[in-house]
Amino acid sequence: MDTRYHPTAVVSAIIVLGLYKVVNPWICNTFVVGYGKLSRTEQLELNLSVTSSIHAVIATVVSVYCLLFDEVLAQDPVWGDSFLAKHMIALCLGYLTTDIIIILVNFKNVLSPEIFILHHVASVYAYFYVVTYGALPYFATFRLWAELSTPFVNYRRYLEVQHYDKASTLYFVNGILLAATFFTARIGSLPFYYYTIYTVYGTPGYIRLGHIQFVLWSSCLLLDALNIYWFAKIVRGALKVLSKRSVRQNGSIASKAA
């Protein structure tokens, strides 16, 4: 058992709690029009989206850097002791743990709380083994760059709360970026991810995992199922927006012609 990275997780959890209680409400009150008049559910969503976006940017930048330039991870995807990658995963562990607690406390005011708890628990389950036992750092880091799409998910919710027209250019551009980044980071990258698992399958390092092999497969399959479910919803939403824009543009052309 390795406890070197546990303090990072604890500090991360405390910071996330501080953001939720103090910083995020101030940001939302300052930059969101009519924040005080929103429902408790909408206020909570915007509050949590601030921390979510901060976490997503940090996780994406660090994970992409590690995947591209960290030789320790490249040489040993199963047991490589990458200082930066493991601290990043510990930071995510603290964030997700606090987020689970916040969701449970505000269960009735969270949209689809069961789905988010399922996603977070699966991630915490896997990240705990990375941080505590040093196993599977490459695969956990690869999972982190899926956060690339998160800021666009959060911004879409902001646009909804602020009652932006779903056929507007801003809504349309954000939707395109959301669909593109979500597919790239969470769906399109899966073949390479599972190919990498295949390359280490049966090696001494993989066999050494023992029961942690189950952690790898169970968490991956659950997270991928959730991502496919969410991507299907994104596609349906994108098609509705495109349909509305098409109707509006055709109506505009018809009125000009008349």
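Residues numbered from 1 in each chain as written. Predicted model: local features only at pLDDT ≥ 70, side-chain atom pairs only at ≥ 80, totals over all residues. Heavy atoms only, no water.

The next subject is the overall build of the protein. Check the secondary structure of the protein and you find 11 helices and zero strands. Referenced to the eigenvectors of the C-alpha coordinate spread, the extents of the protein come out at roughly 75 × 40 × 30 Å. Looking at the 258 residues of the protein, the share that counts as buried comes to 47%. Taking contacts inside the protein between residues at least 6 apart in sequence as the whole, the part at least 24 apart equals 76%. Within the structure as shown, the protein displays about 13500 Å² of accessible surface, and the carbon and sulfur contribution to it stands at 70%. Positive and negative side-chain charges in the protein, numbering 19 and 13 respectively, have mean positions lying 12 Å apart. (Helix = DSSP H or I, 4+ residues; strand = E, 2+ residues; numbered from the N terminus. Buried < 20%, exposed > 50% of the residue type's maximum accessible area, 1.4 Å probe, protein only. Contact = heavy atoms within 4.5 Å. Areas by Shrake-Rupley, 256 points an atom, 1.4 Å probe, with all protein chains shown as cover. Lys, Arg positive; Asp, Glu negative; His and termini not counted. Charge placed at Lys NZ, Arg CZ, Asp CG, Glu CD.)

The tally for this structure, following the rule as stated, stands at 18 aromatic pairs. Both rings, one in Phe-128 and one in Tyr-133, keep their centres 6.3 Å apart while their planes meet at 75°; by these two values the pair is edge-to-face. With relative accessibility at 36%, the residue Phe-128 sits in the partly exposed group. The exposure class of Tyr-133 is partly exposed, given its relative accessible area of 38%. Ring plane angle 50° and centroid distance 4.9 Å describe the contact between Tyr-201 and Tyr-206, whose orientation is recorded as tilted. According to the relative accessible area criterion, Tyr-206 is buried, its value standing at 4%. The structure contains a cluster of three or more aromatic residues connected by ring pairs, namely Tyr-138, Phe-139, Phe-142, Phe-192, Tyr-193, Tyr-194 and Trp-217. (Phe/Tyr/Trp six-rings, centres within 6.5 Å; stacked < 30°, edge-to-face > 60°.)

No statement about biological role is implied by the geometric values presented.
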